[in-house]
Amino acid sequence: MTDCFYCAHKVDPSFEDTVNLQKFLTARKKITTAERSQLCAKHQRKTAKAVKYARFLALLPYTAYQTDKAGIES
Ligand SMILES: [Zn+2]
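Residues numbered from 1 in each chain as written. Predicted model: local features only at pLDDT ≥ 70, side-chain atom pairs only at ≥ 80, totals over all residues.

(A) Highlighting the overall build of the chain. Scanning the chain for helices and strands turns up 4 helices and 0 strands. In the chain, the order of α-helices and β-strands from amino to carboxyl end is α-α-α-α. Among the 74 residues that make up the chain, the fraction classed as buried is 15%. For the chain, long-range pairs separated by at least 24 residues make up 65% of all intrachain contacts whose partners lie at least 6 apart in sequence. (Helix = DSSP H or I, 4+ residues; strand = E, 2+ residues; numbered from the N terminus. Buried ≥ 20, exposed ≤ 12 C-beta atoms within 10 Å, placed from the backbone. Contact = placed C-beta atoms within 7 Å.)

Dropping the structure here:
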């Protein structure tokens, strides 16, 4: 029915679950749009909140500034 990752696995996004939250970040660590993440509105909202809290706790980066993954030469 839905392509939503969190609905399919019957879990909610958590700030602790950085492995899965990273699936919804771009190479430059921006949060992906709902169109691209394929999440439902509820889980897109909760994912964005979880990513922002994880960033505050330094579990996820705010930006990929000067890292190899972003394709920037340092
Ligand atoms: Zn969902």
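(B) Expanded view of helix α4 (residues 41-56). For α4, which comprises 16 residues, the first-to-last C-alpha distance of 23 Å matches the rise-based estimate of 22 Å (1.5 Å per residue) to within 8%. Residues His43, Gln44, Thr47, Ala50, Val51 and Ala54 constitute the buried set of α4. Seen along its axis, α4 keeps its buried residues to an arc of 130 degrees; they face one direction. Exposed positions of α4 whose direction lies more than 90 degrees from the buried face are Ala41, Lys49 and Phe56. Looking at the buried residues of α4, the elements they touch are α1 (5-9), α2 (18-21) and α3 (34-37). A positive phi of about 65 degrees marks Ala58, the residue just after α4. (Expected span 1.5 Å × (residues − 1). Arc of directions from axis to C-beta.)

(C) Region of the structure containing the environment of Tyr6. With respect to the secondary-structure elements, Tyr6 resides in helix α1. Tyr6 gets classed as buried once you count the C-beta atoms within 10 Å, which come to 21. Separated by 14 residues in the primary sequence, Tyr6 and Asn20 place their C-alpha atoms 9.6 Å from one another. Non-local contacts of Tyr6, meaning those with residues more than four positions away in its chain, are made with Val11, Asp12, Pro13, Leu39 and His43.

Honestly, it's all geometry; don't read function into it.
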